[in-house]
Amino acid sequence: MSFKMNLMEGTNFNASSLTALQKVTLRAVVMSFLFYGLAAIEGTLMRVALVNPSIPPIHGAPEHFFSIMTVHPIIGIFGSTYQLVFAAFMFLIPFLTKKPLYSVGLANFVWIMITIGSALAWIAAFIWSYAPLYTLYWPLPADTAQFNVIGGIVFIIGVALIMIGTLGFIYNIYATIFAKVGVHANKTTKELLISGFGIDGMLNLVHKLTGKPPYSKEPALSLPVVAIFRGTVDTFLDALVILGAGILVLVYLLADVSGASWDVHAVDALLYKNFFWWGLDLVADGLVLIYVAGSWYLLATLITGQKLFMENVARAALLLELFVSWMVWSHHLLADQGQPEMMKLISGEMVTMFELLTQGLALFITLMTLWKARPLKMTMELKYLLAGLLGFGLAVPAAIIQADMGMNRILHNTQWIIGAHVHVALLTGLYMTLYSVVYVLWPLLTNNTKLFSMKFANAHFYLHLIGSVGMGAFMGMAGLEGMLRRHFYMDGEYQTFMILAAIAAIMMVVAWVIFMANIIMSVGLKGLVGIFLPASDDTATFGIDPQPSVVVSQKK
Amino acid sequence: MTFETSVELLKFHNVAYTVYAMLIISVIAWFAYNLTREKKAEPIVRIPFYLYIGFLVAMGVGHHIFTYNTIPWVSEDIMRHNITPDKTFQIKMANHKFDMPEKMEIKKGEKVLFDAHSSDLVYGFGLFRQDGSMISQMQVNPGSRNDLLWTFNECGEFDVRSTEYAGPAGNAMFVKKVVIVTGCDKKGA
Ligand SMILES: [Cu+2]
């Protein structure tokens, strides 16, 4: 087949054979990877600007630099990660529970909301240079002396739409898990809830230890479903907090537009910070860690075809992580002297330490499950899974180090935090895990479409892995030498590290281009358009008997 | 081991984390290599894994507890309300500007309190060496107490920079050589 033909038609992809569930999942996946590319390009622009500030499009202007820095995490975390994770889970829950998704319409609403919301936030930064950064520290987002008030309103509306889409996702997941149809036809809500929170795993462990039969009850929900449910609890709280903060900011901005000038100091900055970090931390310490652990368990069982090692411990660990994730936010406030010392010590330092244990356990359980199934074939999904495990192996200890009252005094707000911890956790840990999920779901979502090139897949893997670990390492080293995050250095400070980090960032952009080329050459431009056309088959399940059309198309 | 200044601590930390990173990368690489080999899994292989997990926990938790007792400023920070400082400097911040003494002169070993107040935005107060490395810092929130008690164990001229983002104008919040510490035996030590 000629290159041009391949570009138009793909390998053997047929968009019209897809069900409604497959289509809505693929739509969100496509949007997610487009936003990922945008975030990667924005990140690279900032990296390059730190090497040579006068380079276009930033031209040495802090306003421009910081407006990019403001939307970069919004695009990366919400536009890309949220979309990808939500898409995968709205497909996986029906797949794992063998029940239909509660609503395909709602699933479509979710990706549209997140896409429009992320785009609005981006536009606010692009047109009005609105730049309070994602931390939204009070009263910066409502500071109309520095920022255009219209830009602020557009930004906040964008974030609010993302959160409304998020609530739609949560409703869809809960309604699907608790629907009493199929395998759950004769389960009570109580049984499903006990399983969802991991309480049955804890009870099984207690019964085993105290010798009280029956030692082990078959849980109502499979382990990955438990992890998704558990993570969704945090996503819900987090959405409420960010929405709440957004409404507060919006009230002040609207008051400003109407000519009233309300006293921004009526809101206590430290109290607001506590509220905001409690919610925002649920994205990082709640959602990412739990969703990731759940994805590892799912991937390990799918790749090996065997039961998970120490399953009850894994379930109990998810319950433990629930309480841990709610109580760790003070590690973001260790340099805030107004924060009570006891809070810093207990929440910020002691409880945060448990994340090493919960995450270390998830890592161990996944590795053991893989090891027991030796020998395994080194497939793409296994490769990505191992890289994902490595990412968290590097990033979680990096976080524990800065969540220390002594270390935080010299690491707070430095590039160490954003490089060695955040970027390694997200780019190496989370994205490699998500790519593994993508490779596992690929045949199911595309009805066994042949991947265009394995060489491309491998090139993407190595470029992304080396680029992400390398960038995190060089940013981290600069941080140890005092380089601040959220700062635009214009006099060639930390030049060596910044050049190396910029090279690593460019590697990741190249990796993304290769990945996208591989996907587009596989599905073809026609197929890509076809994904967004309405589905003729409105099936909302995957791979179960009453919908023979799906099964048939699977077997073709 | 005790750490007198942040330079020593950061150096130690740099080496410790690099060693750890190399270790975990090689463990995963070793694991991946063995995963595809024909040989059937033996129960004995569990031992290195338990060791590995034990190592992870010991490293993470250990680093924590270990540094807690060796970093002098932690206990001082927790007890700062009961300590009478030798010197106090008032730092006022507003409109992306520092309002503080032109020169803050300090003798090595003195306990100095930096008492910062912001009347508008959230800022940061950070002390830096001439090579750009950080001595210490705190957040400065409007409406709450922001007091950093610090004992300088090193001499030299130090810069003050805002370490928290407060809008693009905050980038210029940088005052050179405003803190001067003297009284060291050897020059610069
Ligand atoms: Cu956190």
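Residues numbered from 1 in each chain as written. Chains lettered and ligands numbered in written order. Predicted model: local features only at pLDDT ≥ 70, side-chain atom pairs only at ≥ 80, totals over all residues. Heavy atoms only, no water.

As recorded in an unreviewed UniProt entry, chain B goes by the name Cytochrome C oxidase subunit II, listed as coming from Sulfurovum riftiae.

Chain A goes by Cytochrome C oxidase subunit I in an unreviewed UniProt entry, where it is assigned to Sulfurovum riftiae.

(A) Inspection of the UniProt feature "transmembrane region" (unreviewed entry) in chain B at higher detail. UniProt tags residues 15–35 and 47–66 of chain B as "transmembrane region" (unreviewed entry). Taken end to end, residues 15–35 of chain B has its terminal C-alpha atoms 30 Å apart, with 100% of it in helix and 0% in strand. (UniProt positions renumbered as here; feature names shortened; annotations may be inferred. Helix = DSSP H or I, 4+ residues; strand = E, 2+ residues; numbered from the N terminus.)

(B) Quick look at the pattern of salt bridges. Per the counting criterion, the structure on display carries 16 salt bridges over all chains. The closest approach of N and O atoms between Glu311(A) and Lys307(A), which form a salt bridge, is 3.2 Å. Overall, Glu311(A) belongs to the buried group, its relative accessible area being 17%. Three or more residues joined by partner-sharing salt bridges are found here, namely Glu341(A), Lys344(A), Arg409(A), Asp77(B), Arg80(B), Arg145(B) and Asp147(B). (Salt bridge = Lys/Arg side-chain N within 4 Å of Asp/Glu carboxyl O. Buried < 20%, exposed > 50% of the residue type's maximum accessible area, 1.4 Å probe, protein only.)

(C) Structural detail: the packing of aromatic side chains. All names here are of chain A. Tallied over the full model, the rule gives 47 aromatic pairs over all chains. Between Phe91 and Phe95 the ring centres are 6.2 Å apart and the planes differ by 15°, which places this aromatic pair in the stacked class. A residue pair is termed a helical-turn pair when its members lie 3 or 4 positions apart in one helix, as Phe91 and Phe95 do in helix 3 (residues 62–97) at four residues. Among the aromatic side chains, those forming a connected cluster through ring pairs are Phe33, Tyr36, Tyr384, Tyr431, Tyr435, Tyr439, Phe461, Tyr462 and Phe515. The aromatic ring of Phe461 is capped on one face by Lys383, whose charged end is 5.7 Å from the ring centroid. (Phe/Tyr/Trp six-rings, centres within 6.5 Å; stacked < 30°, edge-to-face > 60°. Lys NZ or Arg CZ within 6 Å of the ring centre and 35° of its normal.)

(D) Representation of the sheet that holds strand 3 (residues 104–107) of chain B in the model. All names here are of chain B. Read from one edge to the other, the open sheet built from five strands follows the order 3-9-8-5-6, with strand pairing classed as mixed. Each end of this open sheet is capped by a strand with a single partner; those strands are strand 3 and strand 6 (134–140). Direction aside, the axes of adjacent strands within the sheet are offset by 25° on average. (Pairing = 2+ DSSP bridges. Axes fitted to C-alpha atoms, helices over the stretch in contact; angles between N-to-C directions.)

(E) Molecular detail of the interface of chain A and chain B. Contacts between chain A and chain B engage 77 residues on the former and 75 residues on the latter. Both faces combined, the contact of chain A with chain B buries some 6,600 Å², and carbon together with sulfur accounts for 67% of it. Between the two partners, chain A and chain B, sit three salt bridges. Glu341(A) is paired through a salt bridge with Arg80(B); the nearest N and O atoms lie 2.6 Å apart. Linking chain A with chain B are 29 residue pairs in polar contact (both at pLDDT 80 or more), by the criterion used here. Listed by contribution, the elements that provide at least two residues to the side of chain A that touches chain B are helix 3, helix 9 (269–304), helix 11 (341–372), helix 12 (380–402) and helix 13 (405–411) of chain A. Counting residues per element, the side of chain A that touches chain B draws most heavily on helix 11 of chain A, which supplies 15 residues. (Contact = heavy atoms within 4.5 Å. Buried area = accessible area lost by both parts, 1.4 Å probe. Polar contact = N/O pair within 3.5 Å; in protein donor to acceptor, adjacent residues only side chain to side chain.)

(F) The domain arrangement of chain A, seen in detail. Residue and element names in this part refer to chain A. As far as domains go, chain A holds domain 1 (1–18 + 406–538) and domain 2 (19–185). Distance between the C-alpha centres of domain 1 and domain 2: 16 Å. If you look at the interface, domain 1 gives 48 residues, while domain 2 gives 43 residues. Summing the contributions of domain 1 and of domain 2, the shared interface buries around 3,800 Å²; its carbon and sulfur component is 74%. (Domains from an automatic or database assignment.)

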